[in-house]
Amino acid sequence: AAAVAGAAGVSLAAVASADASGVSGAATGQSSAESAAAVVVDQLTVEAQEQQQAQALERRAAELRANASALSRRMTQKAMTAGAEAANAKAQELLLATTRLESEAERAEVQAAALRAKSKAELREAREFMEIADSELKSLSGSGGAGAAGTAAAAVA
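Residues numbered from 1 in each chain as written. Predicted model: local features only at pLDDT ≥ 70, side-chain atom pairs only at ≥ 80, totals over all residues. Heavy atoms only, no water.

Participant: Where do I start with the overall build of the protein in this structure?
Facilitator: Within the protein one finds 4 helices and 0 strands. Order of helices (α) and strands (β) in the protein, N terminus to C terminus: α-α-α-α. Within the protein, the proportion of its 157 residues that are buried is 8%. (Helix = DSSP H or I, 4+ residues; strand = E, 2+ residues; numbered from the N terminus. Buried < 20%, exposed > 50% of the residue type's maximum accessible area, 1.4 Å probe, protein only.)

Participant: Just to check I follow, could you spell out the pattern of salt bridges for this structure?
Facilitator: Pairs may arise between side chains of opposite charge once their charged atoms sit close together. A full pass over the atoms with the stated rule returns 2 salt bridges. Between R60 and E63 there is a salt bridge, with its nearest N and O atoms 3.1 Å apart. In this pair, R60 and E63 are both assigned in helix α3 (residues 26-143), 3 residues apart and thus about one turn of the helix distant. Here E63 falls in the partly exposed class, since its relative accessible area comes to 41%. Between E93 and K90 there is a salt bridge, with the nearest N and O atoms lying 3.5 Å from each other. Here E93 pairs with K90, and both are found in helix α3, just 3 residues apart, close to one helical turn. On the basis of relative accessible area, K90 is assigned to the partly exposed category, the value being 43%. (Salt bridge = Lys/Arg side-chain N within 4 Å of Asp/Glu carboxyl O.)

Participant: Where do I start with a negative patch on the surface in this structure?
Facilitator: Together, E122, E125, E128, E131 and D134 give the surface a local cluster of negative charge. Residue E131 is classed as exposed on the basis of its relative accessible area, which comes to 55%. (Patch = residues over 30% accessible without salt bridge, like charges linked within 9 Å, V, L, I, M, F, W, Y side chains within 5 Å. Areas by Shrake-Rupley, 256 points an atom, 1.4 Å probe, with all protein chains shown as cover. Lys, Arg positive; Asp, Glu negative; His and termini not counted. Charge placed at Lys NZ, Arg CZ, Asp CG, Glu CD.)

Participant: I'm lost on the confidence of the model for the protein in this one. Help?
Facilitator: Caution applies to low-pLDDT parts of the model: their predicted coordinates are not meant to be read in detail. When pLDDT is averaged along the protein, the result is 82, and 73% of the positions lie at 70 or above. Across the protein, the element-wise mean pLDDT spans from 43 in helix α1 (residues 2-8) up to 93 in α3. The low-confidence segment residues 1-16 (pLDDT under 50) makes 16 contacts with residues lying over four places distant or belonging to another chain. Long-range and interchain partners of residues 20-24, a stretch whose pLDDT sits below 50, account for 5 contacts in this model, where long-range means more than four residues apart. (pLDDT = per-residue confidence, 0-100. Contact = heavy atoms within 4.5 Å.)

Here's what the structure looks like:
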């Protein structure tokens, strides 16, 4: 009884006192042994139930840890996906802006080239007019008459 009581966590003193009270009589001793055995059985039953509860709690804790790990992996994947989508959207936005700016720059270059060509043509025309005006002025100053003024007007027209 002492070995069983020790395994169940029952103090040896309780078993010994139950055995000592059995000295007064065989019937009382048998009844004390039975009550001590009943106490041990009750305590073993309680311990078995507590052990089952502890195992159930450990299983539940392991399940919760697994769920938390799975949830963490899913959230990490979602965050990575959202980040990739945001980066892709920003890249598309920047690509459109770059394309638009390049197109505007190309139009500006074409317009600048047209303006340069027009400016060269106007400069060449202005030089030609200056040469005509110079030659008319020289001819007017050399001939000294109004006929030269009429010739200059005809040359300009």
